[in-house]
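Analysis of the macromolecular model
Here's the letter readout for the chains.
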Amino acid sequence: MVEAAVLDGAGHLQIWWHIMLPLTKPALITVAIFSFNGAWNDLLGPLLYINDKSKYTLQIGLQTFKGTVQTQWHYLMAMSVTVLLPIIL
């Protein structure tokens with residue numbers, strides 16, 4: 001495809017914009033989705049460097065519903081659905 005574009009007289013920017021970029025869009029979208037998902041579900045990183053309870057992330061907040069004696073399952077499941085909505089969207 002690149003050779004055909006060169007034979008047709010396309011420049012480097014036209015080749016990149018009209019041929020290369022559309023072919024890499026699915027891969028770039030996949031990388032963006034996996035990067036967002038990994039950052040959104042990160043628990044250990046924020047747990048290590050956030051000391052103020054008012055700045056905790058949603059995943060740390062979910063862990064507060066799990067106690068050593070009892071777990072508040074109804075709150076945990078309701079918040080899990082709420083936290084999952086941005087990933088689904």
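Check the entry above for the structure.
All of the points below concern the structure found in this document. Values in this document were obtained by computation on a predicted structure and should not be read as measured data. (Residues numbered from 1 in each chain as written. Predicted model: local features only at pLDDT ≥ 70, side-chain atom pairs only at ≥ 80, totals over all residues. Heavy atoms only, no water.)

1. What about the overall build of the protein chain?
To keep things clear, this is the line we draw: Here a helix means four or more residues in a row that DSSP labels H or I, a strand means two or more in a row labelled E, and each is numbered from the N terminus. The globule rule used for comparison is 2.2 Å times the number of residues to the exponent 0.38, while the radius of gyration itself is calculated over C-alpha atoms. Exposed residues in this analysis have more than 50% of their type's maximum accessible area, buried residues have under 20%, and partly exposed residues fall in between, with area computed by a 1.4 Å probe over protein chains only. Residue exposure ignores everything except the shown protein chains as possible cover, and the areas themselves are Shrake-Rupley values with a 1.4 Å probe.
A tally of regular secondary structure across the protein chain gives 5 helices and 0 strands. Secondary structure elements in the protein chain, listed N-terminal to C-terminal, are α-α-α-α-α. Over its C-alpha trace the protein chain gives a radius of gyration of 22 Å, far above what one expects of a compact globule, namely 12 Å for 89 residues. Each of the three principal axes of the protein chain carries a C-alpha extent, and together these read 70 × 25 × 15 Å. Within the protein chain, the proportion of its 89 residues that are buried is 13%. Of the roughly 7400 Å² that the protein chain leaves accessible, carbon and sulfur atoms contribute 68%.

2. Details of the packing of aromatic side chains
Filter applied, for reference: Ring pairs shown here join Phe, Tyr and Trp side chains whose ring centres sit within 6.5 Å, with only the six-membered ring taken for Trp; geometry is labelled stacked below 30 degrees between planes, edge-to-face above 60, and tilted in between.
Taken as a whole, this structure holds 2 aromatic pairs when the rule is applied. Ring centres of tryptophan 16 and tryptophan 17 lie 6.0 Å apart, and the angle between their planes is 45°; on these two criteria the pair is classed as tilted. According to the relative accessible area criterion, tryptophan 16 is partly exposed, its value standing at 43%.

3. Thoughts on a nonpolar patch on the surface
Heads up, the rule is: Within the patch definition used here, like charges are joined within 9 Å and nonpolar side chains (Val, Leu, Ile, Met, Phe, Trp, Tyr) within 5 Å, considering only residues with over 30% relative accessible area and no salt bridge. Here, a salt bridge means any side-chain nitrogen of Lys or Arg that lies within 4 Å of a carboxyl oxygen of Asp or Glu.
Where nonpolar side chains cluster on the molecular surface, the patch consists of Val2, Val6, Leu13, Trp16, Trp17 and Met20 and spans about 610 Å² of accessible area. Listing elements by their share of the nonpolar patch, those giving two or more residues are helix H1 (2-7) and helix H2 (12-40). For the nonpolar patch, the element with the highest residue contribution is H2, accounting for 4 residues. Secondary-structure assignment places tryptophan 17 in helix H2.

4. A word on the packing of H2 against helix H5 (residues 73-88)
For the record, the criterion: For every element, the axis is a line fit to its C-alpha atoms; helices are fit only across the contacting stretch, and the angle between N-to-C directions ranges from 0 to 180 degrees. Every angle not falling under 35 degrees, over 145, or within 65 to 115 is termed oblique; those three ranges are roughly parallel, roughly antiparallel and roughly perpendicular. By the definition used in this description, the sense in which the near helix is turned from the far one sets the handedness, with an anticlockwise turn below a right angle giving left-handed and a clockwise turn giving right-handed. Whether two residues are in contact is decided by their heavy atoms, any of which lying within 4.5 Å being enough. Note on residue categories: nonpolar means Ala, Val, Leu, Ile, Met, Phe, Trp, Tyr, Cys or Pro, charged means Asp, Glu, Lys or Arg, and polar means any other residue, Gly included.
Close contact between H2 and H5 brings their axes to 10 Å; oriented N to C, the two are set at 160°. Put simply, H2 runs roughly antiparallel to H5. When you trace H2 past H5, the crossing you get is right-handed. Between H2, through Phe36, Asn37 and Trp40, and H5, the contact on the second element is made entirely by Val83, Pro86 and Ile87. Residues that form the contact of H2 with H5 fall into these classes: 5 nonpolar, 1 polar and no charged.

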